[in-house]
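A look at the structure
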Amino acid sequence: MKVVVSAPGVVKFFGEHAVVYGTGAIAASIDKRLYVTAKLRTNGEVKIAAYDLSTHGVIVTLKPNGEIVVGTDYGKVIPAIAYVRKAIELTREYLGERAGVELEIKSDMPVGAGLGTSAAVSVATVFAYATITGHELEKREIAKLGHRTELTVQGAASPMDTAVATYGGLLYIKPTSSSPIIEPVKKGAELPTVIGYVKRVATTKELVAWVRKLRDRYTKLVDQIIWAIGELVERARVAIEKGELRTVGELMNINHGLLEALGVSDKRLNDMVYAARMAGAIGAKLSGAGGGGCMLALAPNRLKEVATAIAIANGTPIITELGVEGVRVEKVEK
Ligand code: MEV
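These notes cover the structure that comes with them. (Residues numbered from 1 in each chain as written. Predicted model: local features only at pLDDT ≥ 70, side-chain atom pairs only at ≥ 80, totals over all residues. Heavy atoms only, no water.)

Considering the environment of Val 5
Turning to its location among the elements, Val 5 is positioned in strand E1 (residues 2-14). Not counting residues within four places of it along the chain, the set of residues in contact with Val 5 comprises Leu 34, Tyr 35, Val 36, Ala 124, Phe 127, Ala 128, Val 327, Arg 328, Val 329 and Glu 330. (Helix = DSSP H or I, 4+ residues; strand = E, 2+ residues; numbered from the N terminus. Contact = heavy atoms within 4.5 Å.)

Concerning helix H7 (residues 245-261)
When the terminal C-alpha atoms of H7 are compared, their 24 Å separation across 17 residues agrees well with the 24 Å that a helix rising 1.5 Å per residue should span. Every buried residue of H7 is listed here: Leu 245, Val 248, Gly 249, Leu 251, Met 252, Asn 255, His 256, Leu 258 and Leu 259. Here the buried face of H7 lies against E1, helix H6 (219-242), helix H8 (267-278), strand E10 (283-287) and strand E11 (293-298). (Expected span 1.5 Å × (residues − 1). Buried < 20%, exposed > 50% of the residue type's maximum accessible area, 1.4 Å probe, protein only.)

Here's the deal with the side chain of Thr 149
Topologically, Thr 149 is positioned in helix H3 (residues 139-154). Setting aside residues no more than four positions away along its own chain, Thr 149 makes contact with Tyr 83, Lys 86, Ala 87, Leu 90 and Ser 122.

Quick word on the packing of helix H5 (residues 204-217) against H6
Between H5 and H6, the least distance of the axes is 5 Å, while the angle of their chain directions is 125°. As judged from the angle between their axes, H5 and H6 are oblique. Seen from H5, the contacting residues are Leu 214, Arg 215, Asp 216 and Arg 217; seen from H6, they are Thr 219, Val 222, Asp 223 and Ile 226. Among the residues forming the contact of H5 with H6, the class breakdown is three nonpolar, one polar and four charged. (Axes fitted to C-alpha atoms, helices over the stretch in contact; angles between N-to-C directions. Parallel < 35°, antiparallel > 145°, perpendicular 65-115°, else oblique. Nonpolar A, V, L, I, M, F, W, Y, C, P; charged D, E, K, R; others polar.)

A few points about the packing of aromatic side chains
If you walk through the whole model with that rule in mind, you get one aromatic pair. A cation sits over an aromatic face here: Arg 237 above Tyr 172, 4.3 Å from the ring centre. Over the aromatic face of Tyr 274 sits the side chain of Arg 277, whose NZ or CZ is 5.1 Å from the ring centroid. (Phe/Tyr/Trp six-rings, centres within 6.5 Å; stacked < 30°, edge-to-face > 60°. Lys NZ or Arg CZ within 6 Å of the ring centre and 35° of its normal.)

Looking at the site of the ligand
Taken together, the neighbourhood of the ligand is formed by Lys 12, Glu 16, His 17, Val 19, Val 20, Ala 157, Ser 158, Met 160, Asp 161, Thr 204, Val 208 and Ala 289. His 17 places a polar main-chain atom, nitrogen or oxygen, 2.8 Å from an oxygen atom of the ligand. Across the complex, the protein chains shield 96% of the 290 Å² of accessible surface that the ligand would expose by itself. Listed by contribution, the elements that provide at least two residues to the shell around the ligand are helix H4 (160-167) and H5. Here the shell around the ligand is built from residues that sort into six nonpolar, three polar and three charged. (Near = heavy atom within 4 Å. Polar contact = N/O pair within 3.5 Å; in protein donor to acceptor, adjacent residues only side chain to side chain. Areas by Shrake-Rupley, 256 points an atom, 1.4 Å probe, with all protein chains shown as cover.)

Description of the pairing of E10
Here E10 lies mainly inside the structure; five of its five residues are buried. Pairing between E10 and E11: five bridges, direction antiparallel. Within E11, the position partnered with Ala 284 by the bridge is Ala 297. Hairpin connection from E10 to E11: five residues lie between these consecutive antiparallel strands, with Gly 288 at a positive phi of about 110°. (Pairing = 2+ DSSP bridges.)

Considering the pattern of salt bridges
Counted according to the given criterion, the structure contains 18 salt bridges. Here Glu 138 makes a salt bridge to Arg 140, at a shortest N to O gap of 3.0 Å. The partner of Arg 237 in a salt bridge is Glu 241, and the shortest N-O contact between them spans 3.7 Å. Separated by four residues within a single helix, Arg 237 and Glu 241 lie in helix H6, roughly one turn from each other. Taking relative accessible area as the criterion, Glu 241 reaches 36% and is therefore assigned partly exposed. (Salt bridge = Lys/Arg side-chain N within 4 Å of Asp/Glu carboxyl O.)

Thoughts on the side chain of Glu 16
With respect to the helices and strands, the residue Glu 16 is situated in the loop between E1 and strand E2 (25-41). A polar contact of 2.7 Å, which involves the side chain of Glu 16, links it to the backbone nitrogen of Gly 288. Among residues more than four places away in sequence, those in contact with Glu 16 are Met 160, Asn 255, Leu 259, Lys 285, Leu 286, Ser 287 and Gly 288.

Focus on the packing of H3 against H4
One way to put it is that H3 packs onto H4 with a least axis distance of 9 Å and a crossing angle of 145°. In this structure, H3 meets H4 at a crossing whose hand is right-handed. Note on element contacts: H4 touches H3 through Asp 161, Thr 162, Thr 166 and Tyr 167, opposite Lys 139, Arg 140, Ile 142, Ala 143, Gly 146, His 147 and Glu 150. Residue composition of the contact of H3 with H4, by class: three nonpolar, four polar and four charged. (Left-handed = near helix turned anticlockwise from the far one by under 90°.)

Comments concerning the nonpolar core
In this structure, Phe 13, Phe 14, Ile 26, Met 295 and Val 306 are the most contacted members of the largest nonpolar core, which totals 106 residues. With eleven residues, the single largest contributor to this core is helix H2 (residues 117-132). (Core = buried A, V, L, I, M, F, W, Y, C linked by side-chain atoms within 4.5 Å.)

What follows is the structure, encoded as structure tokens:
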């Protein structure tokens, strides 16, 4: 039996980093997916083949005793494997299931570029493992196990990316001391956006730790920045619902300035953000953890111009549909 599961990438509209401290955030699924194919194995081993991640054709075997055997170590793929391994471990524990599986992972988006691939791989692995071993999981359970995976691998993670990879759509997410608030945001108008990305030089884990250290040194100051981001997220939600795109754009620009103040942007991201604004975007901001990675521009009637400007600023532009379906089974073969 073979099961193919996919989960979408995630783009962050508002509230990244601050959401780790409990503010609201707004993020959307994108029409780029990561696929996990699962087959049962008889010897209890978990074998992982990761294609099209950072490199091609890396085969990793996870022995029943937890030892990871890497066929070819291209370095970068290892962080992605850490999510797969943890997702399986937590799902096995949750389901009380020990069956071995062979997993193949493919992605139509670059891994580690800030498009939420760690959330997509965590959520898709949880769902694929549960499905191939004959268990039915509710979305709420998948999102929770996916979030726990990110949390364990990264040390700190909000439920934002894993919620979007699970449910899809455009979501408002706010962590609480119990279950997070996860609500769809209704669009009062289309949000025509362009994503731009450059290679990342730091991981989400490192950037989240960077903000934490900054907050340790300048607690009051950083808390006020976090508060201001939380405030603009609430206003952005209303503006999106009313279709007030100018306000949405302005709030994106303010959000970028505050993320810059937290020290998570860099020149390459700023270059793309300014290039997009100069080409007619009504708002542009870094999107995600920063340190290179992604930016997002709101550009009604200017998508092509903004995409070209991002390319000239040495970024890779992506024009993609937002708010697509979350994790889903693509194929089941008996
Ligand atoms: C990373 O995609 C977004 C951050 O806010 C971290 C998180 O929410 O877990 C930086």
